[in-house]
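Chains, contacts and geometry: an overview
Chain by chain, the residues:
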Amino acid sequence: MDEDADGYRWEGSYEKTWEMIKETEGGLIDTTNNNAKREKRRLIQQRLSNVKLGVMRHVFLVLDQSVNMEENDLRPTRFICLKRLSEQFILEFYDQNPISQIGVIVVKNGKGQKISELSSNINKHIANIQAQKLCEGQFSLYNGLETAFKTLSSMPSYASREIVIVAGSLTSVDPQPINDIMTQLAESNIRVSVIGLSASVQIFHRVTAATNGTYNVMLDEQHLQELLRSHCAPPAATPTMEPSLVKMGFPSHLTDGALSLCQCHVDDKTKSELTTHGFTCPTCSSKYCEVPVECRICSLTLVCAPHLARSYHHLFPLTQFTETPTEDLIDDSMVCTGCSSGFIDQKHVYRCETCNSYFCYNCDIFVHDMLHHCPGCESQPR
């Protein structure tokens, strides 16, 4: 095992950051990491196209909160680092999956505890994760899976049902053989994916293989962040997933109505207050603070038109741009179509095969990660 004089190599990940700073040929400061660039582009290229996807998703994020998460190989500790990255994951998950729902489960003292129900309430999820402080007891894979299974088993079959586990423990204290819950998950088409923080564990391999999930072990904090981000994109739909028409409602947005109590905070004593703004269900006129949400009165899924539009890009992803060496450009005065900057300090540029527009690396990532439309193609007359 590689060690420095002061301890493990990964414990110094935040030290000597000035060594990453390099000077480009143009005399500018280049702080980019070529390895990180290649990894990010590789993940984008792996995205599926012309494949049936589960755009509506119900996902449980299962976090290990055992004593093993107090290790400091991630700064300041594994669990504090995981909480921060989990919050970023939830924000990006809802940005890419606006009509999906996520829930959070923590496993400590050998028990699975659901701290946040399946919903689209981002603020509630983040607040519940931040409220978790102490790491106690041992990790139990069985109880974590069983807690998620009790809720996901009642979800409709036309939606993708997934469990994402982040575990730092190498052992699991289970009350029953893991084969029992593993069989139930496989028969219910619930996909289980695991991200390990320590080392490869055989039982995680078995569970993910039986449920068509993925299993990865992180290398460092940046790699852990990328592994979490890989679960933001919807997976391929299972063969048994039944297509179905889902009834949805478009709520009216109230900006200055009568004082009333919203349904999403009716049981929350700390935030139950009368407001004049919100969204009203078109069927039963119940009021909610934010959408998308499932109406608690009539069970109608309430969404806005932009939510459906943002889910559309997963079905028809933007074609990957072709990587081209900068010296192959015909005109040295060419600039990036996205940011209008020159390519003097760029080793490679990226060309859209449809409109022959050229982009720098940062714009290439932004277009495929956030915009999902080629600016060069959109600017051409139709």
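See the structure above.
Just so it is clear, the model here is predicted, and its values are computed rather than measured.

1. Notes on unusual backbone geometry
For the peptide bond that leads from Arg 75 to Pro 76, omega is -10°, which places it in the cis range. Here Pro 76 shows up in the loop between β5 (57–64) and α2 (78–96). With an omega of 5°, the peptide bond running from Val 291 to Pro 292 counts as cis. Among the structural elements, Pro 292 can be located in the loop between β14 (287–288) and β15 (293–294). At Ser 299, a position not held by glycine, the phi torsion is positive, near 65°. If you trace the backbone, Ser 299 turns up in the loop between β15 and β16 (301–302). According to the relative accessible area criterion, Ser 299 is partly exposed, its value standing at 48%. Phi at Ser 340 is positive, roughly 65°, even though this residue is not glycine. Mapped onto the elements of the fold, Ser 340 is located in the loop between β17 (322–325) and β18 (348–351). Take Ser 340: its relative accessible area is 52%, and that puts it in the exposed class.

2. Examining helix α3 (residues 122–130)
The complete set of buried residues in α3 reads His 125, Ile 126, Asn 128 and Ile 129. Buried residues of α3, viewed axially, fall in a sector of 165°; they line one side. Among the structural elements, α2, β6 (101–108) and β7 (111–119) are those in contact with the buried residues of α3. Its side-chain oxygen at 3.4 Å from the backbone nitrogen of Asn 123, Asn 121 defines the N-terminal cap of α3.

3. Looking at the packing of helix α5 (residues 178–187) against helix α6 (residues 202–210)
Pairs of packed helices are described in terms of their axes, by the angle between the two and the distance that separates them. At a closest axis distance of 9 Å, the pairing of α5 and α6 adopts a crossing angle of 25°. Considering their axes alone, α5 and α6 lie roughly parallel with respect to each other. Where α5 crosses over α6, the handedness of that crossing is right-handed. Across the interface between the two elements, Ile 178, Asn 179, Met 182 and Ala 186 from α5 touch Ile 203, Arg 206, Val 207 and Ala 210 from α6. Across the contact of α5 with α6, the residue classes break down as six nonpolar, one polar and one charged.

4. Description of the packing of aromatic side chains
Considering all chains together, one arrives at five aromatic pairs under this definition. Aromatic side chains Phe 204 and Tyr 215 sit 5.7 Å apart centroid to centroid with 70° between the ring planes, which places their arrangement in the edge-to-face category. With Phe 204 in helix α6 and Tyr 215 in strand β10 (residues 215–217), this pair connects stretches of sequence that are 11 residues apart. Both residues of the pair, Phe 204 and Tyr 215, count as buried.

What counts and what doesn't
Residues numbered from 1 in each chain as written. Predicted model: local features only at pLDDT ≥ 70, side-chain atom pairs only at ≥ 80, totals over all residues. Heavy atoms only, no water. Helix = DSSP H or I, 4+ residues; strand = E, 2+ residues; numbered from the N terminus. Buried < 20%, exposed > 50% of the residue type's maximum accessible area, 1.4 Å probe, protein only. Arc of directions from axis to C-beta. Contact = heavy atoms within 4.5 Å. Polar contact = N/O pair within 3.5 Å; in protein donor to acceptor, adjacent residues only side chain to side chain. Axes fitted to C-alpha atoms, helices over the stretch in contact; angles between N-to-C directions. Parallel < 35°, antiparallel > 145°, perpendicular 65-115°, else oblique. Left-handed = near helix turned anticlockwise from the far one by under 90°. Nonpolar A, V, L, I, M, F, W, Y, C, P; charged D, E, K, R; others polar. Phe/Tyr/Trp six-rings, centres within 6.5 Å; stacked < 30°, edge-to-face > 60°.

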